[in-house]
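Descriptive analysis of the structure
As a plain string of letters, each chain reads:
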Amino acid sequence: MDNQTLLQKADVAIADVASGGGVLSTEQSKNFMRKLIDQPTMIKAARVVGMNSPTRQINKIGFGARILKRGVSATALSSGDRSKPSFTKVDLTAKEVKAEVRIPYDVMEDTIERATAANNEASNTGPGGLRQTILDLIAERAALDLEELALLGDTGSGDAYLALMNGYIKLADTNGNINDAAGAVISKTVFKNAKKALPTKYIRDLNAMKHYVSHNQETEYRDTLADRGTAMGDSYIQGYAPVQAYGSPVNPVALMPNAKGLFTNPLNLIFGVWRQISMEFDKDITSGVYIIVLSARIAVEIEEAEAIVETKNLG
C-alpha cells in the first residue's frame, strides 16, 4: 500500500470521529465523558452536572432553623411562629476550554501501519485504531487539566487558563469555613480542627465526607499512623490500607497544593459540563500536519459553601 493511500485512509478515519460538524456523536460523547471523569481524583467523586446550554441554574430549598413550636390544642400558630423554607440557587456559567493537537503526516502513517499489523484488521478500527487512540490520549490528558482548573482556578491568577474561573479552593476560601493550621505539620489535630470547623448540621454521614490533601501530606499522615507498633500500623507501610481521620477517609489529590486541604462531601462539589463536546479536524498541507481541536465548556461551583472547610497554611 503506497503512502498516498495510507494518508487517504488516515483522512477518512479522522473524519469518522467527527459527527454533526465536529460535535461528538451521542455514544462517543458518553464514552469521552466517562474517560474524562474516571481519570482524576476529585471530579470523579464530584457531582457531575450535564448542561444542555452554556448556563444552568440549580435551585435549592430548605429550612435553616427550627420549625417546630410549642403547640396549643385547637389553636393555630401565630404568624410569627409559622415557618417558611428558604429558596436559594447556584448559577453555573460554562467557560470554554480548548486544546489543539498537530500530528505530522508521517506519524499518522506509522500509526496506521502499526494498527493494521497489531490487529490484522482494516486500518483505524478496533482497539488499536487511530480513532480510539486519539480519544483515549486526549481524554487522559484533558482530564488532568480539567481537575487542575476545577481545583486551582482563580480569576485573579496570572495564568490565563486558571484565571477562567474560581475553583474549589478559591470558592472555599471566599465563602467556606477556614481551618488555619498556622504552619503545623499534618496530624490528627489538623483533621480534628477541620471537622470542628464544619457546622454540626453537615456532619451526619462522616464516611461520605472526605479530607482531600496532597499526596505528600497523605504520605506524612500515613507515616504518623505507621509509628504505632501494631499490625494496623504495619499495614499503613506495607499495604495501601485506607487512611481515616475521625471517621472520614483521607484522599490524596495529585494537584492539591501541599499547604492546602479540603474537607467536604464530594457531592457538594459541582462540576458542570456542557453536553456538546466538540472535536474538529483539519489539515495543513503546507506544513504536512493534521490538526485536531478539542473544545468544551465547563463550570465549577460549590453547592453549599457552608458545608466545606478549607485547611490552609499546612507545614
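Residues numbered from 1 in each chain as written. Predicted model: local features only at pLDDT ≥ 70, side-chain atom pairs only at ≥ 80, totals over all residues. Heavy atoms only, no water.

1. Re helix α8 (residues 215-226)
End to end, α8 covers 16 Å across 12 residues, agreeing with the expected 16 Å (1.5 Å per residue, within 8%). All buried positions along α8 are accounted for by Gln217, Glu218, Tyr221, Arg222, Leu225 and Ala226. (Helix = DSSP H or I, 4+ residues; strand = E, 2+ residues; numbered from the N terminus. Expected span 1.5 Å × (residues − 1). Buried < 20%, exposed > 50% of the residue type's maximum accessible area, 1.4 Å probe, protein only.)

2. Comments concerning the environment of Pro199
Note that Pro199 resides in the loop between α7 (188-197) and β6 (210-214). As for Pro199 and Glu306, which are separated by 107 residues in sequence, their C-alpha atoms are 7.5 Å apart. Those residues within four positions of Pro199 in sequence are excluded, and the remaining contacts are Asn177 and Glu306. (Contact = heavy atoms within 4.5 Å.)

3. Section: the packing of aromatic side chains
Applying the stated rule across the entire model yields 1 aromatic pair. Residues Phe191 and Tyr221 carry aromatic rings whose centres are separated by 4.7 Å and whose planes lie at 65° to one another, so their mutual orientation is edge-to-face. Here Phe191 is found in helix α7, whereas its partner Tyr221 is found in helix α8, with 30 residues between them in sequence. (Phe/Tyr/Trp six-rings, centres within 6.5 Å; stacked < 30°, edge-to-face > 60°.)

4. Some points on the pairing of strand β13 (residues 309-312)
Of the strand pairs in this sheet, strand β5 (residues 177-180) and β13 are connected by 4 bridges, and their pairing is parallel. Paired with Ile178 across the strands is Glu310, a residue of β13. Both strand β9 (residues 261-264) and β13 contribute to a ladder of 3 bridges, which runs antiparallel. By the bridge assignment, Phe263 is partnered in β13 with Val309. (Pairing = 2+ DSSP bridges.)

5. Considering the nonpolar core
Within the largest apolar cluster, 26 residues are counted, with the highest numbers of intra-cluster contacts made by Met42, Tyr168, Met256, Leu262 and Phe271. Elements supplying a minimum of two residues to this core: α3 (42-45), α5 (130-152), α6 (168-175), β10 (269-274) and β12 (289-302). Counting 11 residues, the second-largest nonpolar core is a separate cluster that includes Ala181, Ile186, Phe191 and Leu314. (Core = buried A, V, L, I, M, F, W, Y, C linked by side-chain atoms within 4.5 Å.)

6. Examining the environment of Arg66
Within the secondary structure, Arg66 sits in the loop between β2 (55-62) and β3 (86-93). Sequence separation between Arg66 and Ser83 is 17 residues, and the spatial gap between their C-alpha atoms is 8.5 Å.

7. Here we look at the sheet that holds β6
Strands sit in the order β5-β13-β9-β6-β8-β7 across an open sheet of 6 strands; the sheet is mixed. The sheet is open, and its two edges are formed by β5 and β7 (244-245), each paired on a single side. Contacts from α7 reach β5, β6, β7, β8 (248-253), β9 and β13 within the one sheet, and its direction differs from that of β5 by about 160°. Across the sheet, α8 is in contact with β6, β7 and β8; its angle to β6 comes to roughly 110°. (Axes fitted to C-alpha atoms, helices over the stretch in contact; angles between N-to-C directions.)

8. Focus on the pattern of salt bridges
Inspection of every chain in the model, using the stated rule, returns 7 salt bridges. The salt bridge partner of Asp173 is Lys312, with a shortest N-O separation of 3.0 Å. Of the two residues, Asp173 is situated in helix α6 and Lys312 in strand β13; the sequence distance between them amounts to 139 residues. Classification of Asp173 as partly exposed rests on a relative accessible area of 29%. Residue classification places Lys312 among the partly exposed residues on the basis of a relative accessible area of 22%. Here Lys201 makes a salt bridge to Glu306, at a shortest N to O gap of 3.5 Å. Residue Lys201 is located in the loop between α7 and β6, and its partner Glu306 is located in the loop between β12 and β13; the two are separated by 105 residues in the primary sequence. On the basis of relative accessibility, which here comes to 39%, the residue Lys201 falls in the partly exposed class. (Salt bridge = Lys/Arg side-chain N within 4 Å of Asp/Glu carboxyl O.)

9. Details of α7
For α7, the complete set of buried residues consists of Val190, Phe191 and Ala194. For α7, the angular spread of buried residues about the axis comes to 95°, placing them on one side. Turned more than 90 degrees away from the buried face of α7, the exposed residues are Lys188 and Lys196. (Arc of directions from axis to C-beta.)

10. Examining unusual backbone geometry
Unusually for a residue other than glycine, Ala182 sits at a positive phi of about 50°. Turning to its location among the elements, Ala182 is positioned in the loop between β5 and α7. Phi at Asn313 is positive, roughly 60°, even though this residue is not glycine.

11. Focus on the side chain of Asn268
With respect to the helices and strands, Asn268 occurs in the loop between β9 and β10. Accessibility expressed as a relative area gives 7% for Asn268, which makes it buried. For Asn268, the side chain forms a polar contact with the main-chain nitrogen of Glu304, separated by 2.7 Å. Every residue in contact with Asn268, bar those within four places of it in the chain, is listed here: Glu301, Ile302, Glu303, Glu304, Ala307 and Ile308. (Polar contact = N/O pair within 3.5 Å; in protein donor to acceptor, adjacent residues only side chain to side chain.)

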